[in-house]
Amino acid sequence: MAATRSLFIGGTGVISSACVARALEAGHEVTVINRGNSSIRPLPDGVEVLHADIREPESVHAVLGERSFDVVSEFLAFTPEHIQTDFRLFEGRVGQYVFISSASAYQTPPSRLPVTESTPLRNPFWQYSRDKIACEDLLVEAYRERAFPITIVRPSHTYDRTMIPTSGHWTDLARMRRGAPVVVHGDGSSLWTITHNTDFAVAYVGLLGRPEAVGEAFHITSDEAPTWNEIYAYLAEGLGVEAELVHVASESIAAVVPELGPGLIGDKANSMVFDNSKVKALVPEFHARVPFAKGAGEIVEWFLADPSRQRLDPDLDTAFDRLVEHARAFG
């Protein structure tokens, strides 16, 4: 495939950083627009970096001028208003506009597994997902009505070494380290597809500059779907401890810790397994190569390397104690 002039909006997030690195390795001419505020994932040499705030379109126009791109990868659009801004910025100046949606937009809970790209989009539990669906609706309309060259990509739970996938994040690992029981939603047996960002990037970059991908939607996920019990166990193994898991209904967790409710009930509480045949047909080199057993070790190593990364949430810690106490009293 010929090299493309690729613009990444974002570029230093969990997913986008891996995609930028992969695109550069694949020979793309890579430009990144961001605010320059992130130092966790530095951009590789060879990337053109432009500083602007996508929420301030005039700042973007100021650094881009009248430049056009073969591909624009949009990692920072979350509402229809963001999409409308991108229409004004890029329509007529891009050969392919790739929107990062979310697999949480699929029917929740799904009526059948595995999920395919033809699974309906409906999530009544999580506003984030409904906003992504609304973004997709605008983009599909623009493609149908005026041939705006969209590709929609739906990641599922994609992580790197900086992201603990459990609801409590470091608070969960801190509890494991001190021997305190850890709260796991449901009975811990639901299946959860979890994807390393470097695996995701292989498939993602394989779609860039591909006419066959225009007008299409793809999810990109691992084929591995461990149970939540296994996810917690892999993290505990990385810490060199054995975790005591206490199972609590997702609704009960949401009642005590409301901010966890939408992500649990609207996503993590449901088994999610995906059929990746569609993306593999276009990108046959895509195979998820990083199992979570290995990824969990990377996560633990990164957090233990610097105490400043180990941020315990005392309110959440106390809430978990309450949930454990209630589960033991009435379970």
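Right above here is the structure, for reference.
All of these numbers come straight from a predicted model, not from anything done at the bench.

## Some remarks on the overall build of the protein
Turning to step 1, where the next piece is worked out: Counting its regular elements, the protein contains twelve helices and eleven strands.
Turning to step 2, where the next piece is worked out: By the compact-globule yardstick of 20 Å for 331 residues, the protein fits well, its C-alpha radius of gyration being 20 Å.
Turning to step 3, where the next piece is worked out: In terms of overall dimensions, the protein has a C-alpha envelope of 65 × 40 × 40 Å along the principal axes.
Turning to step 4, where the next piece is worked out: Taking all 331 residues of the protein together, 53% fall into the buried category.

## Details of helix α12 (residues 314–330)
Turning to step 1, where the next piece is worked out: For α12, which comprises 17 residues, the first-to-last C-alpha distance of 24 Å matches the rise-based estimate of 24 Å (1.5 Å per residue) to within 8%.
Turning to step 2, where the next piece is worked out: Within the sequence span of α12, burial applies to Leu316, Asp317, Ala319, Phe320, Leu323 and Val324. Along the long axis of α12, the arc covered by the buried residues comes to 160°, so they all point the same way. For α12, exposure combined with an orientation more than 90 degrees from the buried face picks out Pro314, Asp315, Arg322, Glu325, Ala329 and Phe330.
Turning to step 3, where the next piece is worked out: Structurally, α12 contributes buried residues whose contacts are with α5 (170–178), β8 (182–185), β11 (245–248) and α8 (250–256).
Turning to step 4, where the next piece is worked out: By the N-cap criterion, in which a side-chain oxygen at the helix start approaches the backbone nitrogen of a residue two or three places on, α12 is capped by Asp313, the distance to Asp315 being 3.1 Å.

## Focus: helix α3 (residues 80–90)
The α-helix advances 3.6 residues per turn, and as a result positions three or four apart in sequence lie on the same side.
Turning to step 1, where the next piece is worked out: All of the buried residues along α3 are His82, Ile83, Thr85, Asp86, Phe87, Leu89 and Phe90.
Turning to step 2, where the next piece is worked out: In this fold, the buried residues of α3 make contact with β1 (5–9), α2 (57–64), β4 (69–74), β5 (94–100) and α4 (127–146).
Turning to step 3, where the next piece is worked out: Within two residues after α3, Gly92 carries a phi angle of roughly 85°, on the positive side.

Procedures and definitions
- Residues numbered from 1 in each chain as written.
- Predicted model: local features only at pLDDT ≥ 70, side-chain atom pairs only at ≥ 80, totals over all residues.
- Heavy atoms only, no water.
- Helix = DSSP H or I, 4+ residues; strand = E, 2+ residues; numbered from the N terminus.
- Rg over C-alpha atoms; globule rule 2.2 N^0.38 Å.
- Buried < 20%, exposed > 50% of the residue type's maximum accessible area, 1.4 Å probe, protein only.
- Expected span 1.5 Å × (residues − 1).
- Arc of directions from axis to C-beta.
- Contact = heavy atoms within 4.5 Å.
- Polar contact = N/O pair within 3.5 Å; in protein donor to acceptor, adjacent residues only side chain to side chain.

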